[in-house]
Amino acid sequence: MKNLDRRSFLKGIAITTAGVLSPAIADSKTYSSRTPTIKNPYSFFGIHQQGIATPPQKHIYFLVLDLHTNSRSDIKEVFKVWTTYASKLTLGENVAPYSKNTLIPALDTGEADSLNPYNLTLTFGVSVSFFDKLGLKSSRPKLLKDLPHFPRDQLREEFSGGDICIQACADDPQVAFHAVRNLVRIARLKVTMKWSQMGFNSYENNDTPRNLFAFKDGTVNPSANELDKVVWVKDGSWLDNGSYLVVRRVQMHLETWDRTHLKAQNDTFGRKRDSGAAYGKNEEFEEVDITAMPEDSHVFLAKTTGMQILRRSFSFASGIDPRTGQFDAGLLFIAFQKDPMQFIAIQNALGNIDKMNEYITNIGSGLFACFGGVSKKNGDYIGKSLLG
Ligand code: HEM
């Protein structure tokens, strides 16, 4: 499709959906609005984007988009509308009120009507190719490079690459999906969908969720006062207060795992499946002593690198893998770090040695620079520091 100029783009937006940019629609009367009874503690505005240091919600809808334009001003408009939308959605509001006119498509897709925001967070990031396509190469941070090929990677085109990521997390799957659906809908002329993954985390109270290998996953993560050291970019650049997001779609071979005896399962991680305690310890949160663990265990190898990352992963179960007839299930591994090398060093250490490799295949991958947070003032919008 040929690129549209700014005028046609705005027109396109007005025709396709929202009233935000269309005076004709903006003054139409409303007949219904979404009124949440429970507040979302996570405002879209702040120093950092939410969905990074935010405690993981129960559901994720992760979407990767490709640009369908080379025009920076088009994308600027998209990001501005996304900011308006995201600020409403995270409040538990629809993206725009309904019109009285029932002969035009409703401005909001509506499936979250009468639902609370369920701790919705929306997190946006951009990849290497985003800079290439928009002629922004000189603004691309030196640290933002395509991830190297890792041992045993079997990446599939349908779960890799892409220019923009949107991470929607909420304690309700429909609220997360509704948000992404409406963000895509308004930008339809400028972006295409590349790949997506839904995921879930199940836990009672504040327990650590168990992944589909039944192990508590997320026990060791940086504490709140380590986030500046581990997660937030602090370099005065446009990415200040942002972070690098690594996503990996890791298929877990559940059938093989389920035929493995419990001791071998425990040895795989160097932790005990039931309590989550590290080898040589009794409680989940007791400090890890790697000398008590097998040297090919996942935790031994990860910890030996001395690197820290913020893991924020979700399980997925997406039907049946047509290649094997087995479950297409696994972990949508997501990690945030201030330098992608933190992840790269750990992934390389896991390399060929990690005992867990017998039970997993890495089939999707992506690296995205997630902007710093959006201020409520001065017409700020997501990505303004980069796009101006
Ligand atoms: C299917 C994929 C994976 C599964 C099932 C998995 C599972 C686990 C489990 C059960 C633990 C121990 C509990 C905890 O501290 O959370 C753990 C720890 C850890 N994992 Fe993974 N993991 C996976 C992939 C990865 C990847 C791709 C990386 C990074 C390259 C990674 C890095 C770590 C780190 C840094 C720790 C904490 C080690 C420490 O104690 O300091 N994991 N993982």
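What you see is a predicted model; the values in this text were computed from it and never measured.

Draft legend 1. Examining the pattern of salt bridges more closely. Here the structure, examined in full by the defined rule, presents 12 salt bridges. Ionic pairing is found between Lys 216 and Glu 284, a salt bridge with its closest N-O pair at 3.6 Å. With Lys 216 in the loop between strand 4 (191-200) and helix 6 (227-230) and Glu 284 in the loop between helix 8 (262-269) and helix 9 (298-304), this residue pair connects regions lying 68 residues apart in the sequence. Residue classification places Lys 216 among the partly exposed residues on the basis of a relative accessible area of 22%. Glu 284 sits in the buried class, given a relative accessible area of 9%. The shortest N-O distance in the salt bridge between Glu 226 and Lys 229 comes to 3.8 Å.

Draft legend 2. Representation of the UniProt feature "domain: Dyp-type peroxidase N-terminal" (unreviewed entry) in the chain. Per the UniProt annotation, the sites labelled "domain: Dyp-type peroxidase N-terminal" (unreviewed entry) are residues 49-201. When the span residues 49-201 is considered, its composition is 26% helix and 21% strand, and the gap between its end C-alpha atoms is 21 Å.

Draft legend 3. View of the side chain of Arg 271. Examined against the element boundaries, Arg 271 turns out to sit in the loop between helix 8 and helix 9. Of the side chains bearing the opposite charge, Glu 284 lies closest to the buried Arg 271, which forms no salt bridge; the N-O distance is 6.1 Å. In terms of polar contacts, Arg 271 uses its side chain to reach the backbone carbonyl oxygen of Gly 276, at 2.6 Å. The residues touching Arg 271, leaving out its near neighbours within four places in the chain, are Phe 215, Thr 219, Val 220, Asn 266, Gly 276, Ala 277, Ala 278, Tyr 279, Glu 284, Val 288 and Val 299.

Draft legend 4. Quick peek at helix 3 (residues 72-91). For helix 3, built from 20 residues, the straight-helix expectation of 28 Å at 1.5 Å per residue is met to within 8% by its first-to-last C-alpha distance of 29 Å. Phi turns positive one or two residues past the end of helix 3, at Gly 92, with a value near 90 degrees.

Draft legend 5. Molecular detail of the coordination of the iron atom of the ligand. What the protein offers the iron atom of the ligand as a donor is a single atom, His 298 (NE2), at 2.0 Å. Relative to the helices and strands, His 298 is located in helix 9.

Draft legend 6. Here's a closer look at the domain arrangement of the chain. Partitioning the chain into structural domains gives domain 1 (9-17 + 43-127 + 162-200) and domain 2 (147-160 + 207-373). Here domain 1 and domain 2 have C-alpha centroids that lie 27 Å from each other. Contacts between the two partners involve 34 residues from domain 1, matched on the other side by 30 residues from domain 2. Here domain 1 meets domain 2 over a buried area of about 2600 Å², counting both sides, of which 67% is carbon and sulfur.

Draft legend 7. Region of the structure containing the side chain of Gln 265. Here Gln 265 shows up in helix 8. If we ignore the near neighbours within four places in the chain, the residues touching Gln 265 are Phe 215, Trp 257, Thr 260 and Arg 273.

Draft legend 8. A look at the UniProt feature "domain: Dyp-type peroxidase C-terminal" (unreviewed entry) in the chain. As recorded in UniProt, the feature "domain: Dyp-type peroxidase C-terminal" (unreviewed entry) lies at residues 208-374. Within the segment residues 208-374, helix and strand shares are 21% and 25% respectively, and the terminal C-alpha atoms sit 30 Å apart.

Draft legend 9. Main features of the pairing of strand 7 (residues 314-320). Strand direction decides the pairing type here: strand 7 and strand 8 (residues 327-337), joined by five bridges, are antiparallel. For Ile 320, the partnering residue across the bridge sits in strand 8 and is Phe 327. Between strand 7 and strand 8, which pair antiparallel and follow one another directly, the connecting turn spans six residues, one of which, Gly 325, has a positive phi of 75 degrees.

Draft legend 10. Molecular detail of the environment of Leu 212. Within the fold, Leu 212 resides in the loop between strand 4 and helix 6. Residue class for Leu 212 comes out partly exposed when judged on its relative accessible area of 28%. When the C-alpha atoms of Leu 212 and Gln 265 are compared, they prove to be 12 Å apart, with 53 residues separating the residues in sequence. Ignoring any residue separated from it by four or fewer positions in sequence, one finds Leu 212 in contact with Phe 200, Met 252, Leu 254, Ser 315, Phe 316, Ala 329 and Gly 330.

Draft legend 11. Region of interest: the site of the ligand. If you check the shell around the ligand, you find 26 residues, and the closest are Gly 218, Thr 219, Val 220, His 298 and Arg 311. In this structure, Thr 219 approaches the ligand through a main-chain N or O atom, which is 2.8 Å from an oxygen atom. Contact distances for the ligand include 2.9 Å between a nitrogen atom and a side-chain N or O atom of His 298. Secondary-structure elements contributing two or more residues to the shell around the ligand are strand 5 (243-252), helix 9, strand 8 and helix 10 (340-350).

What counts as what
Residues numbered from 1 in each chain as written. Predicted model: local features only at pLDDT ≥ 70, side-chain atom pairs only at ≥ 80, totals over all residues. Heavy atoms only, no water. Salt bridge = Lys/Arg side-chain N within 4 Å of Asp/Glu carboxyl O. Helix = DSSP H or I, 4+ residues; strand = E, 2+ residues; numbered from the N terminus. Buried < 20%, exposed > 50% of the residue type's maximum accessible area, 1.4 Å probe, protein only. UniProt positions renumbered as here; feature names shortened; annotations may be inferred. Lys, Arg positive; Asp, Glu negative; His and termini not counted. Polar contact = N/O pair within 3.5 Å; in protein donor to acceptor, adjacent residues only side chain to side chain. Contact = heavy atoms within 4.5 Å. Expected span 1.5 Å × (residues − 1). Donors = N, O, S within 2.8 Å, 3.2 Å for Na, K, Ca; no water. Domains from an automatic or database assignment. Buried area = accessible area lost by both parts, 1.4 Å probe. Pairing = 2+ DSSP bridges. Near = heavy atom within 4 Å.

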